[in-house]
Amino acid sequence: MAAVVLKRTGQKMPLVGFGLWKVTKSSCADTVYNAIKLGYRLFDGAGDYGNEKEAGEGIQRALKDGIVKRADLFITSKLWNTFHAADHVKELAQYQLKLWGLDYFDLYLIHFPIALKYVDPAHRFPPEWFGDDGNVHLQNTPMHETWQAMETLVDSGLVKNIGLSNCQGALILDVFRHARIEPQVLQVELHPYLTQEPLVALCKTLGIALTAYSSFGPQSYVELSMDKGASSLLEHPVVSNIAKSHGKTTSQVLLRWASQRGIAVIPKSNNYDRIVANFQSDDFDLTASDLKALSALNINLRLNDPADIDPRMAIFA
Ligand SMILES: NC(=O)C1=CN([C@@H]2O[C@H](COP(=O)(O)OP(=O)(O)OC[C@H]3O[C@@H](n4cnc5c(N)ncnc54)[C@H](OP(=O)(O)O)[C@@H]3O)[C@@H](O)[C@H]2O)C=CC1
Ligand SMILES: O=C1CO[C@H](CO)[C@@H](O)[C@@H]1O
């Protein structure tokens, strides 16, 4: 399976993985188990997806049935915003590892560069953006403090690689300036309506592997009322024409637009046929002019912006 090699550890991160946000809790264990049978090796979880225990059950079953070995899997999880204070980073990583039934994560990301007031997981887990009173409670924890605590997770063997999510250039450079262990991966929203070319170039310069989320663009946020009214990329004539010319689906073209450039993708689906199709998205090559035409669709449309939840959380210029 095609993979990107992480700079520090030399570990291979598969270019096509499986995203767990909104994977139905009741069927999550079966979904993960079946995805492993199909060949998926990377699973992208997070505390607030609320299904890490069930995802872990699917993994444990696959390990027990001898379908895969732990070393062949690449499991990602993320540090939620309410755990940024150095004292709470290890607490959360251990809590999440226990949910998955694992003794290490292959990758652990700071989910957002936003620190919120601590909430004890015994009080509320999965974590949320909002406190008990329905408001967002910001907290002053600098990123370099959180990053130092992330580094100690590597030292103690709880995680193999650490990285960032939803961060932009200046902040990434600032984390690098303070880092003893450099960020290995950056996970961001990336699709032809949000191509983020300067950020992609910065990651290349710094040797950070990129993971794209929301590869299909607008439709995935409708249920969160975060849809910003743009037309569907999956039905866009430019994407459809390219798909036709390769005998592929528009979803496969959108995934390949990233993976062909060495950017990992993590599509999520609750539908078996789409799970199969997404996995089979890297067995063809787009032409240079296809890639150019897809990138030309850029309108800087950002679907996942914490400032939509609370303007004080603006992290994108
Ligand atoms: N770091 C972060 O802040 C974020 C990380 N993520 C990660 O990225 C993953 C993917 O991102 P997400 O925003 O969920 O978006 P996706 O791009 O994976 O899209 C999900 C939507 O697309 C549908 N879909 C999946 N496959 C196909 C297909 N082949 N054809 C048509 N529709 C399809 C799914 O519906 P159906 O289930 O019905 O198929 C679902 O509604 C998440 O699961 C999560 O792991 C996501 C957002 C933010
Ligand atoms: O990863 C995720 C997808 O986006 C959501 C909205 O910002 C987040 O809450 C979630 O953690």
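Keep in mind it's a predicted model, so treat the numbers as computed, not measured.

## A few points about the packing of helix H3 (residues 86-100) against helix H4 (residues 143-155)
Following both chains from N to C, one finds H3 and H4 inclined at 40°, their axes separated by 8 Å at the closest point. In terms of orientation, H3 lies oblique with respect to H4. Of the two elements, H3 crosses H4, and the hand of that crossing is right-handed. Contacts between H3 and H4 involve Ala-86, Val-89, Lys-90 and Ala-93 from the former and Glu-145, Thr-146, Ala-149, Met-150 and Leu-153 from the latter.

## Notes on the sheet that holds strand S9 (residues 209-213)
Adjacent strands of a sheet form backbone hydrogen bonds with each other and so pair up, either parallel or antiparallel. Judged by pairing direction, the sheet is parallel, and its 8 strands sit side by side in the order S3-S4-S5-S6-S7-S8-S9-S10 without closing on themselves. In the strand order of this sheet, the two ends are held by strand S3 (18-19) and strand S10 (264-265), each with one partner. Relative to strand S4 (residues 42-44), S3 is paired through 2 bridges, and the arrangement is parallel. When the sheet's bridge partners are listed, Phe-18 is paired in S4 with Phe-43. In the packing of H4 onto the sheet, the strands contacted are strand S5 (74-79), strand S6 (105-110) and strand S7 (159-165), and the crossing angle to S7 comes to about 160°.

## With respect to the site of ligand 2
Taken together, Trp-21, Asp-48, Tyr-49, Trp-80, His-111, Phe-112, Trp-129 and Asn-304 make up the full set of residues adjacent to ligand 2. With respect to ligand 2, the side chain of Tyr-49 contributes an N or O atom lying 2.6 Å from an oxygen atom. Within the contact set of ligand 2, an oxygen atom lies 2.9 Å away from a side-chain nitrogen or oxygen of His-111. Coverage of ligand 2 by the protein chains reaches 92% of its 290 Å² of free accessible surface. The residue inventory of the shell around ligand 2, partitioned by class, reads 5 nonpolar, 2 polar and 1 charged.

## With respect to unusual backbone geometry
Glycine aside, a negative phi is what most residues show, and trans is what most peptide bonds show. In this chain, Phe-125 is followed by Pro-126 through a cis amide linkage whose omega measures 5°. Secondary-structure assignment places Pro-126 in the loop between S6 and H4. The phi dihedral of Lys-22 is positive, around 70°, even though this residue is not glycine. Mapped onto the secondary structure, Lys-22 falls in the loop between S3 and helix H1 (25-38). One non-glycine residue, Ser-214, lies in the positive phi region at around 60°. Assessed through its relative accessible area of 16%, Ser-214 is described here as buried.

## Let's talk about the UniProt feature "active site" (unreviewed entry) in the protein chain
Cross-referencing UniProt, the feature "active site" (unreviewed entry) maps to Tyr-49 in the present numbering. A relative accessible area of 17% places Tyr-49 in the buried class. Sequence-distant contacts of Tyr-49, defined by excluding residues within four places in its chain, comprise Leu-20, Trp-21, Asp-44, Lys-78 and His-111.

## Considering the nonpolar core
Core analysis: the largest hydrophobic core is formed by 85 residues, its most contacted members being Leu-20, Phe-43, Ile-172 and Leu-186. Tallying contributions element by element places H4 first for this core, with 6 residues. Sequence-distant contacts of Leu-20, defined by excluding residues within four places in its chain, comprise Cys-28, Val-32, Phe-43, Asp-44, Gly-45, Tyr-49, Asn-51, Ala-55 and Trp-100. In terms of nonpolar packing, the next biggest core, distinct from the first, is built from 13 residues, Leu-6, Leu-107, Tyr-213 and Ala-264 among them.

## Digging into the pattern of salt bridges
If you walk through the whole model with that rule in mind, you get 14 salt bridges. In this structure, Glu-182 engages Lys-7 in a salt bridge whose closest nitrogen and oxygen atoms are separated by 3.8 Å. Note that Glu-182 is positioned in the loop between helix H5 (169-178) and strand S8 (185-189) and Lys-7 in the loop between strand S1 (3-5) and strand S2 (12-14), a separation of 175 residues in sequence. For Glu-182, a relative accessible area of 31% gives the class partly exposed. With a closest N to O distance of 2.7 Å, Arg-180 and Asp-155 form a salt bridge.

## Focus on the site of ligand 1
Around ligand 1, the surrounding shell holds 28 residues, and the nearest of these are Asp-44, Gln-219, Lys-268, Ser-269 and Arg-274. Lys-268 is positioned such that a nitrogen or oxygen atom in its side chain is 2.7 Å from an oxygen atom of ligand 1. Measuring from an oxygen atom of ligand 1, one finds a backbone N or O atom of Asn-270 at 2.7 Å. Its free accessible area being 890 Å², ligand 1 has 89% of it covered by the protein chains.

## Topic: the UniProt feature "binding site: substrate" (unreviewed entry) in the protein chain
Residues annotated in UniProt with the feature "binding site: substrate" (unreviewed entry) correspond here to His-111. By the secondary structure assignment, His-111 is in the loop between S6 and H4. Judged by its relative accessible area of 7%, His-111 is buried. When sequence neighbours within four positions are dropped, the list of residues in contact with His-111 reads Ala-46, Asp-48, Tyr-49, Lys-78, Leu-79, Trp-80, Asn-81, Ser-165 and Asn-166.

## Concerning the side chain of Thr-146
Among the structural elements, Thr-146 can be located in helix H4. In this structure Thr-146 comes out as buried when scored by relative accessible area, which is 0%. With near-sequence residues (within four places) excluded, Thr-146 lies in contact with Leu-79, His-84, Val-89, Ile-110 and Thr-141.

The rules behind each value
- Residues numbered from 1 in each chain as written.
- Chains lettered and ligands numbered in written order.
- Predicted model: local features only at pLDDT ≥ 70, side-chain atom pairs only at ≥ 80, totals over all residues.
- Heavy atoms only, no water.
- Axes fitted to C-alpha atoms, helices over the stretch in contact; angles between N-to-C directions.
- Helix = DSSP H or I, 4+ residues; strand = E, 2+ residues; numbered from the N terminus.
- Parallel < 35°, antiparallel > 145°, perpendicular 65-115°, else oblique.
- Left-handed = near helix turned anticlockwise from the far one by under 90°.
- Contact = heavy atoms within 4.5 Å.
- Pairing = 2+ DSSP bridges.
- Near = heavy atom within 4 Å.
- Polar contact = N/O pair within 3.5 Å; in protein donor to acceptor, adjacent residues only side chain to side chain.
- Areas by Shrake-Rupley, 256 points an atom, 1.4 Å probe, with all protein chains shown as cover.
- Nonpolar A, V, L, I, M, F, W, Y, C, P; charged D, E, K, R; others polar.
- Buried < 20%, exposed > 50% of the residue type's maximum accessible area, 1.4 Å probe, protein only.
- UniProt positions renumbered as here; feature names shortened; annotations may be inferred.
- Core = buried A, V, L, I, M, F, W, Y, C linked by side-chain atoms within 4.5 Å.
- Salt bridge = Lys/Arg side-chain N within 4 Å of Asp/Glu carboxyl O.

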